[in-house]
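Single-letter residue listing:
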Amino acid sequence: MLKVTHDGVDWIDGDGDGPLGEIFCLTFVKGVDETEALTRLGGLPDTLRPRALEEADKALLSFEAAYTRYAFALNLGDWTVLIEPSGVRGSLEEPLAALSRGTEAVAVMRHDYADHAFRHAVDGTLVTGFDPSWPDVRWGSEPDRLLGQMRAVGLDLDLALDADDDEGAEAEDGGYDDDGSVPSAYVPALLLAGLITGAVPHPDALAGQLTSAEIAPWFSDAPPKESYSPTDPAMVAAIQAASPDVLRAVVAGETMRLASVLGLDGTPGLAEAVAAAGRGEPVTVSPESELGTHVRSWLWQARRAAGPPDESVAPVEMDAGEQNTGNLRNWFTIVLNAALWPEPHDAAGVALSALTDGPAELRDAAAEAAVLRALRGEA
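Here is a short report on the structure shown in this document. (Residues numbered from 1 in each chain as written. Predicted model: local features only at pLDDT ≥ 70, side-chain atom pairs only at ≥ 80, totals over all residues. Heavy atoms only, no water.)

1. A short note on the nonpolar core
Here is step 1: Counting 39 residues, the largest nonpolar core has Leu20, Leu26, Phe28, Ile83, Phe118, Met150 and Leu190 as its most contacted members.
Here is step 2: Listing elements by their share of this core, those giving two or more residues are strand 1 (23-30), helix 2 (53-60), strand 3 (70-75), strand 4 (79-85), strand 5 (104-111), helix 4 (147-152) and helix 6 (186-197).
Here is step 3: For this core, the element with the most residues is helix 6, which contributes nine residues.
Here is step 4: In contact with Leu26, not counting residues within four places along its chain, are Leu20, Val81, Leu82, Ile83, Val106, Ala107, Val108, Leu190 and Pro201.
Here is step 5: Grouped together as the second largest cluster of nonpolar side chains are 28 residues, Leu264, Ala273, Leu291 and Trp331 included. (Core = buried A, V, L, I, M, F, W, Y, C linked by side-chain atoms within 4.5 Å. Buried < 20%, exposed > 50% of the residue type's maximum accessible area, 1.4 Å probe, protein only. Helix = DSSP H or I, 4+ residues; strand = E, 2+ residues; numbered from the N terminus. Contact = heavy atoms within 4.5 Å.)

Pasting the structure below:
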């Protein structure tokens, strides 16, 4: 029997005065070391070094640091845990798929101003996911795989359902809130992670310096965000019906059109990378390459333009032109990332999103009509 107990995880509870505060994500990855785990999350190799958690907090609120996010890694034996102060990335389905590819990953997120999360993925597939506050609602390829362990850590599904059915009534043993949700649900969620992994981090291990890296998701193996996709039904239908070769050619052409509009088409390595992806060839842009260096600059500008992620921090006033440039380059990095993705049906919608739903500078009625004709084989 694994020796992870409530006493080993209750340090994450409280009013946010613990080492990780009110928002954090802990992601356990099996059989990889700290450097590999950080790289899978999008860690930049040339930023890899020991840091204290406080450095991440300061960078995230600093305009000069472009609100950079850092993640930390701690070896737990057979597993490595990634620690994201004020971060959520490991709990998102696409990054978790990349983290778990060829192995196994478990993520626990506390977010006092949104939803908490528990995710368990194996070899790129989400097996079980749920919000620990509402453990009766689960999804994934095997949503019921962990039911025994969930009950063992105190996530009593029957009790949650009873409280939900009898709205306003307190559960008999006081273990659930009036609305049927689990209070401090991230505590049993971390205990559940401990039952799977056999180890959880000790708070003392977080007091010193840990291996860490700046996180730039653009350079990870996670697929493009599906939240960026066309809203025009005609475009969606045309993308779904087009062949992979047609999609690749159309996406490559649209990417270079945007690059020309933004004056980025002369970026070293850009046209070659997009053309190779358009031919169906695998393309990897390393953070240290000439093109990768430019992408990092665009991401830096985009983060500054977006402002601090903490809404309680006043954004630094920027010149309107600089802010607009940052926003436009943010769109271009999204499109370029999708254009280089090897599976066109998974990424074409994202790659064409700027044409249909982006800023006015990136939209073009004639270009949109031409894209639709090409996708339909009418060009």
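Further notes follow.
2. Details of the sheet that holds strand 9 (residues 210-214)
Here is step 1: Judged by pairing direction, the sheet is antiparallel, and its nine strands sit side by side in the order 2-9-3-4-1-5-6-7-8 without closing on themselves. Edge positions in the sheet fall to strand 2 (49-51) and strand 8 (138-139), since each of these pairs with one other strand and no more.
Here is step 2: Inspection of the sheet shows strand 5 paired to strand 6 (residues 117-122) by six bridges, in the antiparallel sense. The partner of Ala105 across the bridge, within strand 6, is Ala121. (Pairing = 2+ DSSP bridges.)

3. Let's talk about the packing of helix 10 (residues 290-306) against helix 11 (residues 320-339)
Here is step 1: In contact at an axis separation of 7 Å, helix 10 and helix 11 are set at 130° when each is read in the N-to-C sense. By the criterion of interaxial angle, the relationship of helix 10 to helix 11 is oblique. Crossing hand, helix 10 versus helix 11: left-handed. Contacts from Val295, Trp298, Leu299, Gln301, Ala302 and Ala305 in helix 10 reach Gln323, Thr325, Gly326, Asn327, Arg329, Asn330, Phe332, Thr333 and Leu336 in helix 11.
Here is step 2: A breakdown of the residues in the contact of helix 10 with helix 11 according to their chemical character gives seven nonpolar, seven polar and one charged. (Axes fitted to C-alpha atoms, helices over the stretch in contact; angles between N-to-C directions. Parallel < 35°, antiparallel > 145°, perpendicular 65-115°, else oblique. Left-handed = near helix turned anticlockwise from the far one by under 90°. Nonpolar A, V, L, I, M, F, W, Y, C, P; charged D, E, K, R; others polar.)

4. Observations concerning the pairing of strand 7 (residues 125-130)
Here is step 1: For strand 7, the buried fraction is high: five of the six residues fall into the buried class.
Here is step 2: Bridge analysis of strand 6 against strand 7 gives five bridges, and the strand direction is antiparallel. Note that in strand 7 the partner of Arg119 across the bridge is Gly129.
Here is step 3: Between strand 6 and strand 7, which pair antiparallel one after the other, the connecting turn spans two residues, and Asp123 there sits at a positive phi close to 50°.
Here is step 4: Bridge count for strand 7 against strand 8 is two bridges, and the pairing is antiparallel. In the strand pairing of strand 8, Phe130 is matched with Arg138.

5. As for the packing of aromatic side chains
Here is step 1: By the definition in use, this model includes four aromatic pairs.
Here is step 2: Measuring from ring centre to ring centre gives 5.0 Å for Phe118 and Phe130, while their planes differ by 25°; the resulting arrangement is stacked. Of the two residues, Phe118 sits in strand 6 while Phe130 sits in strand 7, which places them twelve residues apart along the sequence.
Here is step 3: Among the residues examined, Phe130 registers a relative accessible area of 0% and is labelled buried.
Here is step 4: Between Trp218 and Phe219 the ring centres are 5.0 Å apart and the planes differ by 65°, which places this aromatic pair in the edge-to-face class.
Here is step 5: Looking at Trp218, the relative accessible area reads 11%, which means it is buried. (Phe/Tyr/Trp six-rings, centres within 6.5 Å; stacked < 30°, edge-to-face > 60°.)

Just geometry here; none of it tells us what the structure is for.
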